Amino acid sequence: MNQIDITVTVRDNKPCQRFELDAQGSLAFASYRRAADKVIITHTETPAALRGRGIASRLVKGALELIRAEGLKVVAGCGFVADYLDAHPEYADLKG
């Protein structure tokens with residue numbers, strides 16, 4: 001199995017309004033906008049060569065943990081995030 005070099009820390013790039021994850025010299029990200037006490041994730045992007053390896057899931061999980069730490073709610077404005085929330089009931093409390 002091919003090892004993937006991933007910096008497991010998802011960061012919130014607030015000036016760009018996106019959560020970011022470094023993976024094999026590339027960047028996966030989830031764009032968002034804030035509205036009151038909610039973070040609306042509008043789009044997730046994983047480099048094409050890295051798709052299907054769980055990177056987007058790691059990105060979304062990290063983003064949700066950051067959102068939880070700030071005491072905010074999340075709105076799934078993209079299908080991948082909606083599917084992730086449906087598959088992970090441990091984040092049901094974040095749905096706004």
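Anything mentioned here points back to the structure above.
First, a word on what this report is: a plain description of the structure on this page. (Residues numbered from 1 in each chain as written. Predicted model: local features only at pLDDT ≥ 70, side-chain atom pairs only at ≥ 80, totals over all residues. Heavy atoms only, no water.)

**Observations regarding the pattern of salt bridges**
Per the stated rule, a full pass over the model turns up ten salt bridges. The residue R11 makes a salt bridge to E20 at a minimum N-O spacing of 3.0 Å. Residue E20 is classed as buried on the basis of its relative accessible area of 5%. Between R34 and E70 there is a salt bridge; the shortest N-O distance is 3.2 Å. With R34 in strand β3 (residues 26–35) and E70 in the loop between α1 (55–69) and β5 (73–76), the pair connects residues that are 36 residues apart, well separated along the chain. Among the residues examined, R34 registers a relative accessible area of 36% and is labelled partly exposed. Residue class for E70 comes out partly exposed when judged on its relative accessible area of 38%. Several salt bridges converge on common partners, so that one network encompasses R11, R18, E20 and D22. (Salt bridge = Lys/Arg side-chain N within 4 Å of Asp/Glu carboxyl O. Buried < 20%, exposed > 50% of the residue type's maximum accessible area, 1.4 Å probe, protein only. Helix = DSSP H or I, 4+ residues; strand = E, 2+ residues; numbered from the N terminus.)

**Here's the deal with the pairing of β3**
As paired elements, strand β2 (residues 18–23) and β3 share six bridges and run antiparallel to each other. Across the sheet, R18 pairs through a bridge with S31, a residue of β3. Between β2 and the antiparallel strand that follows it, β3, lie two residues; Q24 among them carries a positive phi value of about 50°. The sheet contact formed by β3 and strand β4 (residues 38–45) spans seven bridges and is antiparallel. By the bridge assignment for β4, S31 is matched with H43. Between β3 and β4, which pair antiparallel in sequence order, lie two residues; one of them, A36, sits at a positive phi of approximately 55°. (Pairing = 2+ DSSP bridges.)

**Remarks on the environment of L85**
When you line up the elements, L85 lands in helix α2 (residues 79–87). Residue L85 is classed as buried on the basis of its relative accessible area of 5%. Along the primary structure L85 and R53 are separated by 32 residues, whereas in three dimensions their C-alpha atoms are 18 Å apart. If we skip the residues at most four places from it in the chain, L85 touches L64, V74, A76, Y91 and K95. (Contact = heavy atoms within 4.5 Å.)

**Focus: the side chain of T46**
Note that T46 resides in the loop between β4 and α1. Leaving out residues up to four positions away in the same chain, T46 has contacts with A28, R51, I55 and A56.

**Here's the deal with the sheet that holds β3**
Within the open sheet, the five strands sit side by side as β1-β2-β3-β4-β5. Their pairing is mixed. For this open sheet the edge positions go to β1 (11–13) and β5, each flanked by a neighbour on one side alone. Across this sheet, the average inter-strand angle for adjacent strands is 35°, counted without regard to direction. Against the sheet, α1 engages β1, β2, β3, β4 and β5, with an angle of about 135° to β2. Where α2 meets the sheet, its contacts fall on β4 and β5, and the angle it forms with β5 comes to roughly 120°. (Axes fitted to C-alpha atoms, helices over the stretch in contact; angles between N-to-C directions.)

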